[in-house]
Amino acid sequence: IRAFSLLPQPASRLVWVGDGPERRRIEELVLNLGLRDRVVFPGSTGDVPRWLSAGDVYVSSSAWEGFGLSMVEALASGLPVVATDVGGTREALGTRGTLVKGRDPAVLAGAMTAAATNRSHLRESRLGAEAGSQQRMLDEWESFYRFRSQ
């Protein structure tokens, strides 16, 4: 949220999908930083592909991470991924995402901006997501697991 607050006001929106014990604290931070009109909290949803297809960049700013399944899903949907280099993030993304140092909002904001303004990558990602389907996502998963098992 702090990194997002550093992005240009009119151009960026954030959708925080999911719930958890920190949600209330995060909502308060959004209010305190004056981001109420730019951040949406739809909560937990069973329709993750819909949210991913609506996005331009997937960001994971975790202070710790196990495997990073949500990042793999974002990659499989065609989104560029920006994530903090913690826990299993490096293994989950391999060379396909942008890793940044954790707990540094300015660095994370810079990577978010770079991913969002890289129009050729966004265009390729969007075309991939539109052309892709469940089969594309299955192919990506198969490729991912085949790579990890070697």
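All figures in this text were calculated on a predicted structure; none of them were measured in a lab.

1. Overview of the overall build of the chain
Then, in step 1: Counting secondary structure elements, the chain contains eight helices and five strands.
Then, in step 2: Along its sequence from the N terminus, the chain presents helices and strands in the succession α-β-α-β-α-β-α-β-α-β-α-α-α.
Then, in step 3: When each of the 150 residues of the chain is scored for burial, the buried share is 33%.
Then, in step 4: Partitioning the contacts of the chain with sequence separation of at least 6, the portion at a separation of at least 24 is 57%.
Then, in step 5: Carbon and sulfur atoms make up 53% of the accessible area of the chain, which amounts to about 9,200 Å² in all.

2. Details of the sheet that holds strand S5 (residues 98-100)
Where strands meet in a sheet, backbone hydrogen bonds hold them as pairs that are either parallel or antiparallel.
Then, in step 1: The sheet built from three strands is open, its strands ordered S3-S4-S5 with parallel pairing. Bordering the open sheet on either side are strand S3 (58-60) and S5, each of which pairs with just one other strand. Sheet twist, expressed as the average angle between the axes of neighbouring strands with direction ignored, equals 15 degrees.
Then, in step 2: The pairing of S3 with strand S4 (residues 81-84) spans three bridges and is classified as parallel. Bridging from a neighbouring strand, Tyr-58 pairs with Val-81 of S4.

3. A word on the packing of aromatic side chains
Then, in step 1: Inspection of the entire model under this criterion finds one aromatic pair.
Then, in step 2: Aromatic side chains Trp-16 and Phe-41 sit 6.3 Å apart centroid to centroid with 40 degrees between the ring planes, which places their arrangement in the tilted category. With a gap of 25 residues between them, Trp-16 in strand S1 (residues 14-17) and Phe-41 in strand S2 (residues 39-43) connect regions that are remote in the sequence.
Then, in step 3: Here the basic side chain of Arg-50 rests over the ring of Trp-51, its NZ or CZ set 4.8 Å away from the ring centre.

4. Details of helix H6 (residues 105-117)
Then, in step 1: Its 13 residues place the ends of H6 18 Å apart at the C-alpha level, agreeing with the 18 Å of an ideal helix rising 1.5 Å per residue.
Then, in step 2: Residues of H6 that are buried include every one of Leu-108, Ala-109, Ala-111, Met-112 and Ala-115, and no others. Down the axis of H6, the sector holding all buried residues measures 165 degrees, keeping them to one side.

5. Quick notes on the environment of Ile-1
Then, in step 1: Along the chain, the position of Ile-1 falls in the segment before helix H1 (2-5).
Then, in step 2: Residues Ile-1 and Pro-105, spaced 104 residues apart in sequence, show a C-alpha to C-alpha distance of 8.4 Å.
Then, in step 3: In this structure Ile-1 touches Leu-14, Trp-16, Ile-26, Leu-29, Val-30, Leu-33 and Leu-35, once residues within four positions along its chain are discounted.

6. Brief notes about the side chain of Thr-84
Then, in step 1: Inspection of the secondary structure puts Thr-84 in strand S4.
Then, in step 2: According to the relative accessible area criterion, Thr-84 is buried, its value standing at 3%.
Then, in step 3: The contact partners of Thr-84, leaving out residues within four places of it in the chain, are Ser-60, Ser-61, Ser-62, Thr-89, Leu-99, Val-100, Lys-101 and Gly-102.

7. Description of the pairing of S1
Then, in step 1: Where S1 lies against S2, three bridges are found, and the strand directions are parallel. Across the sheet, the residue bridging to Val-17 is Gly-43, located in S2.
Then, in step 2: For the crossover that starts at S1, traverses helix H2 (residues 23-32) and ends in the parallel S2, the hand is right-handed.

8. Let's talk about helix H4 (residues 69-76)
Then, in step 1: Of the positions making up H4, those classed as buried are Met-71, Val-72, Ala-74, Leu-75 and Ala-76.
Then, in step 2: Note on H4: the residue one or two positions beyond its end, Gly-78, has a positive phi of about 100 degrees.

9. Notes on unusual backbone geometry
Then, in step 1: Even without a glycine there, the phi angle at Arg-103 is positive, about 60 degrees.
Then, in step 2: With respect to the helices, strands and loops of the structure, Arg-103 is situated in the loop between S5 and H6.

Here is what the cut-offs are and how they apply
Starting afresh in each chain, residues are numbered from 1 along the sequence in its written order. Only residues with pLDDT of at least 70 get local features here, since the model is predicted, and only at 80 or more are side-chain atom pairs given and counted; chain-wide, interface and lining totals rely on the full set of residues. Processing note: side-chain calculations cover all non-hydrogen atoms of the structure and skip hydrogens and water entirely. Per the convention used, a helix needs a DSSP run of H or I reaching at least four residues, while a strand needs a run of E reaching at least two, with both numbered from the N terminus. Exposed residues in this analysis have more than 50% of their type's maximum accessible area, buried residues have under 20%, and partly exposed residues fall in between, with area computed by a 1.4 Å probe over protein chains only. Throughout, a contact is declared for two residues whenever any of their heavy atoms are within 4.5 Å. Reported accessibility uses the Shrake-Rupley method at a 1.4 Å probe radius. Residues are deemed covered only where the shown protein chains occlude them. Two strands pair under a simple rule: DSSP has to find at least two bridges between them. Axis angles are defined between N-to-C directions and span 0 to 180 degrees, where every axis is a line fitted to C-alpha atoms and, for a helix, only to the segment in contact. When the centres of two rings from Phe, Tyr and Trp lie within 6.5 Å, Trp using its six-membered ring, the rings pair. Their planes under 30 degrees apart give stacked, over 60 give edge-to-face, and anything left gives tilted. Geometrically, a charge over a ring is one whose NZ (Lys) or CZ (Arg) sits within 6 Å of the ring centre while staying within 35 degrees of the ring normal. To estimate the expected span of a helix, subtract one from its residue number and multiply by 1.5 Å. Working definition: the arc comes from the directions between the helix axis and the C-beta atoms, pointing outward to the latter. Every crossover in which the path from the first strand over the helix to the second runs clockwise, viewed with the strands pointing away from the viewer, is termed right-handed.

Nothing here speaks to function; it is geometry throughout.
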